[in-house]
Amino acid sequence: MGEAPNLPNNVMSPKPVSKPVITPPEAYANYKHFNVTVPAPGVAHVEINRPEKLNAFYKLMWDEYGSIFDRLSGDSSVRCIVLSGAGEKAFTAGLDLEMNMEMVGGRAKGDEEAPVDPARKAWALRKHIQEFQDAISAAERCDKPVISVLHGFSLGLAIDIACATDIRICASSTTFAVKEVDIGLAADIGTLSRLPKVVGSLSWVKDVTMTARFFGAEEALRVGLVSAVYGSKKEALEAAMRLGVTLAGKSPVAVQSTKALVNYSVGRSVQEGLLYTQSWNASALQTQDVPNAIKATMQRKKPTFSKL
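My aim in this report is to walk through the structure given alongside it, one point at a time. (Residues numbered from 1 in each chain as written. Predicted model: local features only at pLDDT ≥ 70, side-chain atom pairs only at ≥ 80, totals over all residues. Heavy atoms only, no water.)

## Concerning the environment of A187
Next, step 1: As for its placement among the helices and strands, A187 is situated in the loop between β8 (175-177) and α6 (191-198).
Next, step 2: Residues A187 and I159, spaced 28 residues apart in sequence, show a C-alpha to C-alpha distance of 9.8 Å.
Next, step 3: Among residues more than four places away in sequence, those in contact with A187 are V178, E180 and L192. (Helix = DSSP H or I, 4+ residues; strand = E, 2+ residues; numbered from the N terminus. Contact = heavy atoms within 4.5 Å.)

## Remarks on the environment of K234
Next, step 1: Turning to its location among the elements, K234 is positioned in helix α9 (residues 233-248).
Next, step 2: It is 8.3 Å that separates the C-alpha atoms of K234 and A171, two residues lying 63 residues apart in sequence.
Next, step 3: At 2.7 Å, the side chain of K234 forms a polar contact with the side chain of E238. (Polar contact = N/O pair within 3.5 Å; in protein donor to acceptor, adjacent residues only side chain to side chain.)

## Some remarks on the sheet that holds strand β5 (residues 146-150)
Next, step 1: Sheet architecture is open: six strands sit in the order β1-β2-β3-β5-β7-β10, paired in mixed fashion. Among the strands making up the open sheet, the edge pair consists of β1 (34-40) and β10 (228-230). Between one strand axis and the next, the sheet turns by 25° as a mean value, whatever way the strands run.
Next, step 2: As defined by bridge partners, β5 adjoins strand β7 (residues 167-171) across four bridges and the pair is classed as parallel. What sits directly across from V149, in β7, is I169.
Next, step 3: Each of β1, β2 (43-48), β3 (80-85), β5, β7 and β10 touches α9; the most contacted strand, β7, lies at about 155° to it. (Pairing = 2+ DSSP bridges. Axes fitted to C-alpha atoms, helices over the stretch in contact; angles between N-to-C directions.)

## Here we look at the sheet that holds strand β9 (residues 215-216)
Next, step 1: Taken in spatial order, the four strands line up as β4-β6-β8-β9 in an open sheet, and their pairing is mixed. The open sheet is flanked by β4 (90-92) and β9, the only strands paired with a single partner.
Next, step 2: Pairing between β4 and strand β6 (residues 153-155): two bridges, direction parallel. Opposite T92, over in β6, you have S154 as the bridge partner.

## Regarding the packing of α6 against helix α7 (residues 202-211)
Next, step 1: Two elements in contact, α6 and α7, have axes whose closest approach is 9 Å; the angle formed by their N-to-C orientations is 145°. Once α6 is placed against α7, the crossing between them reads as right-handed. Residue-level inspection shows T191, L192, L195 and P196 of α6 in contact with α7, the latter providing L202, W204, V205, V208 and T209. (Left-handed = near helix turned anticlockwise from the far one by under 90°.)

## A few points about the state of the cysteines
Next, step 1: According to the stated counting rule, one finds zero disulfides in the structure shown.
Next, step 2: Here C80 stays free of any disulfide, with the sulfur of C142 as its closest cysteine sulfur at 9.5 Å. (Disulfide = S-S within 2.5 Å.)

Below, the structure is given as structure tokens:
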């Protein structure tokens, strides 16, 4: 089993607290299937909370998911987000097939008004898929860095979700699979577009996406799907919180600019990335965070940065 890399001392401390130290805004209190807490200043923890169904998604859930990340993106008190799944069995087992029949060629229960004309049905399905894609892409377009913590069954939609996050770590017992082929369709919520850019082998991507085979944490680490593997979900979540505290302590201008510039550069030429960075940093370099950070470094102090 691949081991998690040794983290620098500044990542290992302070240790995450077990209960939120900041009460989340009321905007995050009324989601049915997600818990949003703030376990450390600047760090939001989003927990998928439907463990009795292995955290499987249906429409209300992905609508909530997109809403949460869009809110967090504009929340100046949040600088980093950790995403995990409730329970010990699964990060998410993917789609709740019984509640998502319209996604697998049938009609949803009670949906007698669904169009039967092929063109109109295709138009409705395309709109449905687009809305689903937009919701899961919310973590990618979120200004703040997102760390996903995978454990247990991480199947189908779990890969779509993870590939849209910035940093992925997992527990050693995690079981992965891109399962859509086994229910008669090609993955359509992001895996086939993002996974080839996340890992280094197109052969491996085609292997796992066309066979729908299971693979484990060691293989995920080897190909670069995850950057670290920990012995248990608890250890992985604690490591994510330490990393979140580290990121939250850095300049939000620097961290969020870095995410934006890396995301822009993926799939574009080096020259395009350089030109975009010129324009971006022509504004960003005017921040007071730069002299503040340099001064603190020279004085051997920890810098502090205002909200963005």
